[in-house]
Amino acid sequence: MLHIHNGDATAETAKLTALPGEHFAFREALLEGPTPGNLDEAEWRTVRARHLSGGYGVELANCERELTEQETKLATFRDHEEVVLWFEHDLFCQVNLIWLLNWFSKHDPGRTKLSLICVGDFPGVADFRGLGQLTPEQLSSLFPRRTAVKPAELQLANAAWQAYASATPEPIAKLLTTDTLPLPFLDASMRAHLKRFPARRNGLGAIENTALSLVRKGKNRFIDLFPAFGDALPIYGLGDAQFWLALRRLSRSPHPLLLLENGDPISGTIEADKIRELTFQVTEDGRAVLAGKVDFVALNGIDEWLGGVHLVSPGKVWRWNEFAGQLEFRD
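Now for a look at the structure at hand. Along every chain, residues carry numbers that run from 1 in the direction the sequence is written. It should be noted that, the model being predicted, local features are given only for residues of pLDDT at least 70 and side-chain atom pairs only at 80 or more, the latter also being counted only at that level, while totals for whole chains, interfaces and linings use all residues. Heavy atoms from the whole structure form the basis of all side-chain values; hydrogens and water molecules are not counted.

## Concerning the overall build of the chain
- Numbering of helices and strands runs from the N terminus; a helix is a DSSP stretch of H or I covering at least four residues, while a strand is a stretch of E covering at least two. Helix and strand counts for the chain stand at 14 helices and twelve strands.
- We compute the radius of gyration from the C-alpha atoms alone; for a globule the expected value is 2.2 Å times N to the 0.38, where N is the number of residues. For a compact globule of 331 residues, the expected C-alpha radius of gyration is about 20 Å, and the chain comes in at 20 Å, within 12% of that figure.
- Its C-alpha atoms give the chain principal-axis dimensions of roughly 60 × 40 × 40 Å.
- Across the 331 residues in the chain, those meeting the buried criterion constitute 50%.
- Across the chain, the fraction of contacts at a sequence separation of at least 24, relative to all contacts at a separation of at least 6, is 64%.
- Throughout, the Shrake-Rupley method with a 1.4 Å probe supplies accessible areas, and for residues the shown protein chains are the sole cover considered. Working note: accessible area of the chain is about 15200 Å², and carbon and sulfur atoms make up 51% of it. Only protein chains enter the accessibility calculation, which uses a 1.4 Å probe. A residue is then buried if its area is under 20% of the maximum for its type, exposed if over 50%, and partly exposed in between. The contact definition used throughout considers only heavy atoms, calling two residues in contact when any of these lie within 4.5 Å.

## Quick look at the environment of Glu71
- Positionally, Glu71 belongs in helix H3 (residues 60-74).
- Exposure remark for Glu71: the relative accessible area of 23% places this residue in the partly exposed category.
- Sequence-wise, Glu71 and Ile223 are 152 residues apart; in three dimensions their C-alpha atoms are separated by 35 Å.
- Once you skip the residues sitting within four places of it in the chain, Glu71 turns out to touch Glu41 and Arg45.

## Things to note about the layout of surface pockets
- Approximately 1300 Å³ is the volume found for the largest pocket.
- Every element with two or more residues in the lining of the largest pocket is listed here: helix H1 (8-14), strand E2 (22-25), helix H2 (41-56), H3, helix H4 (91-105), helix H10 (222-232), helix H11 (240-252) and helix H12 (272-275).
- For the lining of the largest pocket, the element with the most residues is H3, which contributes five residues.
- Of the residues assigned to the lining of the largest pocket, the class counts are 24 nonpolar, 13 polar and nine charged.
- Quantified by volume, the second largest pocket comes out at close to 660 Å³.
- Cavity and pocket criteria rest on a 1 Å grid covering protein atoms alone: a 1.4 Å probe that fits but cannot get out defines a cavity, protein on both sides within 12 Å along at least 5 of 7 lines defines an open pocket, and an atom within 4 Å of a point defines a lining residue. Lining the second largest pocket are 30 residues, and of these Arg248, Arg249, Asp303, Glu304 and Trp305 lie nearest its centre.
- Secondary-structure elements contributing two or more residues to the lining of the second largest pocket are strand E3 (33-34), H2, H11, helix H14 (296-300), strand E9 (303-307) and strand E10 (309-312).
- Considering every element that reaches the lining of the second largest pocket, the biggest residue donor is H11, with five residues.
- When residues are grouped by polarity, Ala, Val, Leu, Ile, Met, Phe, Trp, Tyr, Cys and Pro land in nonpolar, Asp, Glu, Lys and Arg in charged, and all others, Gly among them, in polar. Grouping the constituent residues of the lining of the second largest pocket by class yields twelve nonpolar, ten polar and eight charged. Grid points are joined across faces, edges and corners, and a volume is the space filled by probe spheres set on the points.

## Quick word on empty space enclosed by the protein
- According to the stated counting rule, one finds two cavities of 30 Å³ or more in the structure shown.
- The calculated volume of the largest cavity comes to roughly 80 Å³.
- If you trace the largest cavity, you find it lined by Phe26, Glu28, Leu30, Trp44, Leu67, Gln70, Glu71, Leu74 and Trp99.
- It is H3 that contributes the most residues to the lining of the largest cavity, four residues altogether.
- For the lining of the largest cavity, the per-class residue count stands at six nonpolar, one polar and two charged.
- If you trace the second largest cavity, you find it lined by Glu32, Arg196, Ile207, Glu208, Arg249, Glu304 and Leu306.
- For the lining of the second largest cavity, the elements supplying multiple residues, two or more each, are helix H9 (206-216) and E9.
- In terms of residue class, the lining of the second largest cavity is made up of two nonpolar, no polar and five charged.

## Brief notes about the pattern of salt bridges
- Throughout this description, the term salt bridge denotes a Lys or Arg side-chain nitrogen within 4 Å of a carboxyl oxygen of Asp or Glu. As enumerated under the stated definition, the model contains 18 salt bridges in all.
- The shortest N-O distance in the salt bridge between Glu32 and Arg249 comes to 3.7 Å. Placement of Glu32 in the loop between E2 and E3 and of Arg249 in helix H11 is noted, with a sequence separation of 217 residues between them.
- On the basis of relative accessible area, Glu32 is assigned to the buried category, the value being 5%.
- Between Glu304 and Arg249 there is a salt bridge; the shortest N-O distance is 3.7 Å. One end of the pair, Glu304, is in strand E9; the other, Arg249, is in helix H11, with 55 residues separating them in the sequence.
- Look at Glu304 and you get buried, because its relative accessible area is 17%.
- By relative accessible area, which is 27% here, Arg249 ends up partly exposed.
- Each member of the salt-bridge network shares a partner with another, and the members are Glu32, Glu208, Arg249 and Glu304.

Below is the structure:
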């Protein structure tokens, strides 16, 4: 039996249980960086390795090696009688999950059974954020609740991944008008994804607007800011590294919205153990953008990927209209 966990924290806890089989951590963060569709395996690996290297400060060769090893491991799934996917409700998990289900939909399972554990809460855990919170005993209790992955789930995951990897966000909007019940957390997570697009009001997505607002309200230290953000927008499921990438974009732009008081955003990366020590202040431009007096994209331009959509200026970009609750293609 092969257990595929969304990250190391859950995998390490699972290794302390009596669950049968091998535990494998799926190490990707597909909600960040380019995920364009229609790439072959080698092209995909190159695109993702470049993003991971630049975003997290890991040597490019190491990123390529780890992605290759991960693909090799996945390719051995028919060596097991059963593969169990362990995932959660937030966007971080859901994007990785639909990628994996889409991958499995394209490979003959042979005699291997594919099962899924995907939860959004846990009895007795009032503020459930993810499987990494659970004890070995609590994690083990979910195992009997696993369900066989059905064709409807694979078909929906395939459609969802194609929509997420599309060059425009329109396929996601269309997907959300269809029946997404086979993957019950997909609707909420994809709606949260659309809110990441630059707001019509000020050019910032939901993550950046919330982070900037929290700093403005006094959450100046990363050690305080990160949990406050998690409380405000748990649907995204960001780790501290992904949250830092959002803050870095605000700190390293030509007209920064955040002043990094004890670090250098221009250098690109900061050691993981140093991130928690960072402190921030909102700049004058940041206050103007928060107030809707200045547009971030007009002020700084944009060159960012959200799934398969490349937002790049000058010219029109996809924006989120908070009042209409829909996307618009506009300046």
